[in-house]
Protein chains: 2
Amino acid sequence: MNGLSVNRASVRQWELEELVVACVARGVEGVGLWRDDVETYGLERAAAIVHDAGMTVTSLCRGGFFTDPDVAARREDNRRAVDEAAALGTDVLILVSGGIQPGSKDLTGAREQVAEAIADLAPYAGQHGVRLAIEALHPMFCSDRCVINTLDQALDIAEEHPVAQVGVVVDAYHQWWEPTLDAAIDRAGERIVSFQVSDWVTPLPEGVLTGRGLMGDGCIPLRALREAVEKAGYTGPTEVEIFNDELWNRPGDEALDSIIERYRTHVI
Amino acid sequence: MNGLSVNRASVRQWELEELVVACVARGVEGVGLWRDDVETYGLERAAAIVHDAGMTVTSLCRGGFFTDPDVAARREDNRRAVDEAAALGTDVLILVSGGIQPGSKDLTGAREQVAEAIADLAPYAGQHGVRLAIEALHPMFCSDRCVINTLDQALDIAEEHPVAQVGVVVDAYHQWWEPTLDAAIDRAGERIVSFQVSDWVTPLPEGVLTGRGLMGDGCIPLRALREAVEKAGYTGPTEVEIFNDELWNRPGDEALDSIIERYRTHVI
């Protein structure tokens, strides 16, 4: 399945081994991992599960949370995330930057803190052959997860650093509504290091995190978006990342088959 | 209570008469109405309830929903909304522009449709002494309520028309996260015809509509925002508009007292 990568979180009902076997059987060549997998299986074993099957790790999710009050611990943890990405053989470390600390109303300060922490981390990433992938999260996550909320904001930070060190994610779910998205994607160009898809569906569930839809169930023009990032120069995979209780409740085989079918019908 | 207007929807457990009596007793001079009130009480009676008590209607919510497939009916209804605003003695008609029609993925087309419908409505509003107040809703409402999602987007449309015909709302809940909000407020200047407050709290409830917090319960720097809109030239009231089940379940007096206390502590 050319160009498709399945993010581990989309089929979390499976063990990693099950996902890999099923992907290989269907010709899916890439998988996006989470640090939870590293914790569950150990770094070497997680890498071996994917690589021994002939598959590629397309991204590691996630570093970030730079607004954590324990700056030293967070700095250390982010360096470990870079090490893990390198050991897993992926050059893409997704960053979810962190929200506003409880009790604070200082959004501007939080954003500055993120930019500073990325500046601190970027050279270390570059030394290890890993690019930091700044992910702008939908504004509904601004307070509690990520104060970087538009592609232009992510680019403002990324462009302070060498392309080999810092790039951006284009995630259809987070970015589809942006009024100046086309221009931002053009601007992003070679900074785009990951392209992720799911679909926007309503009503959003309580907490909004697990409300992502399967491609085709919502209102995002996914094919046009994929064409736009490719026109801007992106040549990497399309990673399907869906957080959805209904999808997680289905047998893994069914869930994976749906993902592949929807990718075929609505993305390529 | 200088500068405070209480939006009808914040204390919807009360009849309009109850709200007006309680506001007068507390020195609150302004109230924002909804078209539901016009429907419930009739236009003349709704106007009389407010004016006979010596209060002012600070805004009427809402016209809009321009992406409705029945363009003719929607055009007619929006003209009626202008008439109602004029009859209620307010020159501010809030517009919630409408979302993407079910099955459509044409966000750009929907946004163009909104701009065209506002261009059609603006002269009619001007003739009746009413200014259309374009409200940019938080991007989490983009698909189902409003495809206008940033203050700059609202201004791009408003600036096509005379100031006397089309302005914008600055609503803390919808706009607080915007990366370029300070510049957009400066740009807005005399276009700002309404300033609304509540607070951003998480987790968001299912459907996200009724998740607004009382001022001070969340992360929005409300006082700084009020000062910014005033620095930009806005001299009108601060309207408190909160959709919150917990607030609606309290006795009206308690709810109103909380609103006033929070306005005093966190806004002025």
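Thresholds applied
Residues numbered from 1 in each chain as written. Chains lettered and ligands numbered in written order. Predicted model: local features only at pLDDT ≥ 70, side-chain atom pairs only at ≥ 80, totals over all residues. Heavy atoms only, no water. Core = buried A, V, L, I, M, F, W, Y, C linked by side-chain atoms within 4.5 Å. Buried < 20%, exposed > 50% of the residue type's maximum accessible area, 1.4 Å probe, protein only. Contact = heavy atoms within 4.5 Å. Pairing = 2+ DSSP bridges. Helix = DSSP H or I, 4+ residues; strand = E, 2+ residues; numbered from the N terminus. Axes fitted to C-alpha atoms, helices over the stretch in contact; angles between N-to-C directions. Right-handed = clockwise from strand over helix to strand, strands pointing away. Salt bridge = Lys/Arg side-chain N within 4 Å of Asp/Glu carboxyl O. Phe/Tyr/Trp six-rings, centres within 6.5 Å; stacked < 30°, edge-to-face > 60°. Lys NZ or Arg CZ within 6 Å of the ring centre and 35° of its normal.

### Some thoughts on the nonpolar core
A:Leu132, A:Met140, A:Ile185, B:Leu132 and B:Met140 are the most contacted members of the largest nonpolar core, which has 182 residues in total. The residues touching A:Ile185, leaving out its near neighbours within four places in the chain, are A:Leu151, A:Val170, A:Ile192, A:Leu225, A:Ala228, A:Val229 and A:Ala232.

### Side note on the sheet that holds strand E6 (residues 166-171) of chain B
Residues and elements named next belong to chain B. The sheet built from eight strands closes into a barrel, its strands ordered E1-E2-E3-E4-E5-E6-E7-E10 with parallel pairing. Direction aside, neighbouring strands of the sheet carry axes that sit 30 degrees apart on average. The pairing of strand E5 (residues 131-135) with E6 spans four bridges and is parallel. Bridging across to E6, Ile 134 finds its partner in Val 168. On top of the sheet, helix H6 (residues 151-158) reaches E5 and E6; it is set at about 170 degrees to E6, its chief contact.

### A short note on the pairing of strand E2 (residues 30-34) of chain B
All names here are of chain B. Of all five residues in E2, five are buried, a share of seventy percent or more. Here E2 shows a buried face lined by Gly 30, Gly 32 and Trp 34 and a second buried face lined by Val 31 and Leu 33. Across three bridges, the pairing between strand E1 (residues 4-7) and E2 is parallel. Each bridged residue has a counterpart across the sheet, and for Val 6 the counterpart in E2 is Val 31. The β-α-β motif built from E1, the intervening helix H1 (residues 16-25) and the parallel element E2 has right-handed crossover chirality.

### What about the side chain of B:Ser194?
Here B:Ser194 is to be found in strand E7 (residues 192-197). Not counting residues within four places of it along the chain, the set of residues in contact with B:Ser194 comprises B:Val92, B:Ile94, B:Val168, B:Val169, B:Val170 and B:Tyr234.

### Section: the pattern of salt bridges
Considering all chains together, one arrives at 44 salt bridges over all chains under this definition. Salt-bridge contacts for A:Arg212 lead to A:Glu241; the nearest nitrogen and oxygen are separated by 3.3 Å. Pair noted here: A:Arg212 is in strand E9 (residues 212-213) and A:Glu241 is in the loop between strand E10 (238-240) and helix H10 (245-248), with a separation of 29 residues, a long-range link. The residues A:Arg212 and A:Glu241 share a single accessibility class, namely buried. Taking the shortest distance from any N to any O, the salt bridge between B:Asp77 and B:Arg80 comes out at 3.0 Å. Placement of the pair is B:Asp77 and B:Arg80 together in helix H4 (residues 71-88), with a separation of three residues, close to one helical turn. When its relative accessible area of 17% is taken as the criterion, B:Asp77 is described as buried. For B:Arg80, a relative accessible area of 40% gives the class partly exposed. Here the residues in one salt-bridge network are A:Arg35, A:Asp68, A:Arg74, A:Asp77, A:Arg80 and A:Glu84, joined through shared partners.

### Description of the pairing of strand E4 (residues 92-96) of chain B
All names here are of chain B. The element E4 is largely enclosed, with a buried count of five among its five residues. Across the two faces of E4 the burial is the same, with Val 92, Ile 94 and Val 96 and Leu 93 and Leu 95 all buried. Bridge count for strand E3 (residues 56-64) against E4 is four bridges, and the pairing is parallel. Counterpart to Gly 64 in the pairing with E4 is Val 96. At this point the chain moves from E3, through H4, to the parallel E4, and the crossover so formed is right-handed. The pairing of E4 with E5 spans four bridges and is parallel. Counted as the bridge partner of Leu 93 is Leu 132 from E5. Handedness of the β-α-β unit built from E4, helix H5 (residues 107-127) and E5 comes out right-handed.

### Quick notes on the packing of aromatic side chains
All names here are of chain A. Evaluated as defined, the whole model comprises nine aromatic pairs over all chains. Summarising the aromatic geometry, the rings of Tyr 173 and Trp 200 are spaced 4.9 Å apart at their centres and angled 35 degrees between planes, so their arrangement reads as tilted. Of this pair, Tyr 173 sits in helix H7 (residues 172-175) while Trp 200 is found in strand E8 (residues 199-200), placing the two residues 27 residues apart along the sequence. In this structure Tyr 173 comes out as buried when scored by relative accessible area, which is 0%. With centroids separated by 5.8 Å and ring planes inclined at 40 degrees, the aromatic side chains of Trp 176 and Trp 200 adopt a geometry described as tilted. Here Trp 200 lies in strand E8 and Trp 176 lies in the loop between H7 and helix H8 (181-188), a separation of 24 residues in the sequence. For Trp 176, a relative accessible area of 5% translates into the label buried. Every member of this aromatic cluster is reached through a ring pair, and the members are Trp 34, Phe 243 and Trp 248. If you follow Arg 12 out to its NZ or CZ, it ends over the ring of Trp 248, 3.5 Å from the centre.

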